[in-house]
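Chain by chain, the residues run as shown.
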Amino acid sequence: VHLTPARRLSGDYYDFLVGSDALGVVVADVAGKGLPASLLVAHLHALLHFAHEALNRPDDIVPMFRRIHRHLVTYTDPNQYVTLFYVLCPDGADRVVYLGAGHPPALYVAGDRVLWLGSTGPVLGALPESDWTVREVDWPPSALLVLYTDGLVEATGPSGQEYGRDRLAQRVRDVAGRARTAQEVLTGILADLQAWQGGPELADDALLVVLRRPEAGGQR
């Protein structure tokens, strides 16, 4: 995991929600910056942990996010909303389940397969009558999921051109074959991003989370 806040307080958020037989991973981006965004992040953190305690199976994911959405619509600033990507990784399973709420697509790499996993519904906390679905994708050994916020792909180089999703996908493909762990993939992405922009400074919050299913007996 790597998080670079554009200011002292960040509107980007990630979490690992540990269950009895599954791991939930969430990456989110709250509209705005600074203190208001950071306060909503804290609110979202509490909602997710409270709701996730009742999650027992993939069929519970959509109802969980419906409840969180209704709470945000009712009790938070109507001008604030949250984009979010959530992945449920059951222990030992060969498939993972995901939900995207208006968030930039996750990058999935498994062997020669490279896919963008897009949103399955709108942002959280905006339109009251919103709904979501869940989707599944294979999760074989060495498969990768790269989750991020838009500050990463919108980072600009000296010429003003954005880093972009195409360059991110190319870099992940380049690194994935020789990297053994998720941390090595993440380090390779960050090194390429810093070389692209000519320094460590970002105009927006930037969050990067890399998940990798290990080979049997290997490291994540």
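What counts and what doesn't
Residues numbered from 1 in each chain as written. Predicted model: local features only at pLDDT ≥ 70, side-chain atom pairs only at ≥ 80, totals over all residues. Heavy atoms only, no water. Axes fitted to C-alpha atoms, helices over the stretch in contact; angles between N-to-C directions. Helix = DSSP H or I, 4+ residues; strand = E, 2+ residues; numbered from the N terminus. Parallel < 35°, antiparallel > 145°, perpendicular 65-115°, else oblique. Left-handed = near helix turned anticlockwise from the far one by under 90°. Contact = heavy atoms within 4.5 Å. Nonpolar A, V, L, I, M, F, W, Y, C, P; charged D, E, K, R; others polar. Pairing = 2+ DSSP bridges. Expected span 1.5 Å × (residues − 1). Buried < 20%, exposed > 50% of the residue type's maximum accessible area, 1.4 Å probe, protein only. Core = buried A, V, L, I, M, F, W, Y, C linked by side-chain atoms within 4.5 Å. Polar contact = N/O pair within 3.5 Å; in protein donor to acceptor, adjacent residues only side chain to side chain.

## Focus: the packing of helix α4 (residues 164-176) against helix α5 (residues 182-197)
Move 1: Across the interface, α4 lies against α5 with an axial gap of 9 Å and an inter-helix angle of 135 degrees. What the angle tells us is that α4 and α5 run oblique. Pair α4 / α5 crosses with right-handed handedness. Mapping the contact onto sequence places Arg 167, Leu 168, Arg 171, Val 172 and Val 175 in α4 and Glu 184, Val 185, Gly 188, Ile 189, Asp 192 and Trp 196 in α5.
Move 2: Taken together, the residues that form the contact of α4 with α5 break down as six nonpolar, one polar and four charged.

## Considerations on the environment of Pro 105
Move 1: Turning to its location among the elements, Pro 105 is positioned in the loop between β5 (95-101) and β6 (106-110).
Move 2: Separated by 15 residues in the primary sequence, Pro 105 and Thr 120 place their C-alpha atoms 10.0 Å from one another.

## Re the packing of helix α1 (residues 34-52) against helix α2 (residues 61-75)
Move 1: As a packed pair, α1 and α2 sit with axes 10 Å apart at the nearest point and diverge in direction by 145 degrees. Regarding α1 and α2, the two cross each other, and that crossing is right-handed. Listed contacts from α2 to Leu 40, His 43, Leu 44, Leu 47, Leu 48, Ala 51 and His 52 of α1 are Met 64, Phe 65, Arg 67, Ile 68, His 71 and Leu 72.
Move 2: Each residue belonging to the contact of α1 with α2 can be placed in one class, and the counts come to nine nonpolar, three polar and one charged.

## Quick word on the sheet that holds strand β3 (residues 22-30)
Move 1: Pairing in this open sheet of five strands is antiparallel, and the strands run β2-β3-β4-β5-β8 from one edge to the other. In this open sheet, the two edge strands, each paired with only one partner strand, are β2 (12-18) and β8 (135-138). On average, each strand axis in the sheet is inclined to that of its neighbour by 20 degrees, with strand direction left out of account.
Move 2: Here α1 sits on the sheet and contacts β2, β3 and β4 (82-90); the angle it forms with β2, its principal contact strand, is near 15 degrees.
Move 3: Seen against the sheet, α2 touches β4 and β5 and runs at an angle of roughly 155 degrees to β4.

## Observations regarding α4
Move 1: A rise of 1.5 Å per residue sets the reference length of α4, with its 13 residues, at 18 Å; its end C-alpha atoms lie 18 Å apart and thus fit the reference within 8%.
Move 2: For α4, the full list of buried residues reads Gly 164, Leu 168, Ala 169, Val 172, Val 175 and Ala 176.
Move 3: Next to the buried residues of α4 lie β6, β7 (113-117), β9 (144-148), α3 (150-153), α5 and β10 (206-212).

## Comments concerning α2
Move 1: Between its terminal C-alpha atoms α2 stretches 21 Å, which fits the 21 Å expected from 15 residues at 1.5 Å a residue.
Move 2: Tucked into the core, α2 has its buried residues touching α1, β4 and β5.

## As for the nonpolar core
Move 1: By size, the foremost hydrophobic cluster in this structure holds 29 residues, and its most contacted members are Phe 65, Ile 68, Val 82, Leu 84 and Tyr 86.
Move 2: Put simply, the parts of the chain that give this core at least two residues each are β2, β3, α1, α2, β4 and β5.
Move 3: Element by element, the count of residues in this core is highest for α1, at seven residues.
Move 4: Excluding residues within four positions of it along the chain, Leu 84 makes contact with Val 26, Val 27, Ala 28, Leu 44, Phe 65, Leu 99, Gly 100, Ala 101, His 103 and Leu 124.
Move 5: Grouped together as the second largest cluster of nonpolar side chains are 25 residues, Val 153, Ala 169, Ala 176 and Leu 208 included.

## Observations concerning the side chain of His 103
Move 1: When you line up the elements, His 103 lands in the loop between β5 and β6.
Move 2: One polar contact links the side chain of His 103 to the main-chain carbonyl oxygen of Tyr 148, over a distance of 2.7 Å.

## Re the pairing of β4
Move 1: With respect to burial, β4 is a largely interior element, eight of its nine residues being buried.
Move 2: As paired elements, β3 and β4 share nine bridges and run antiparallel to each other. Across the sheet, the residue bridging to Ala 22 is Pro 90, located in β4.
Move 3: Relative to β5, β4 is paired through four bridges, and the arrangement is antiparallel. Residue pairing across strands places Phe 85 opposite Gly 100, the latter belonging to β5.
Move 4: Adjacent in sequence and paired antiparallel, β4 and β5 are bridged by four residues, among which Gly 92 carries a positive phi angle near 75 degrees.

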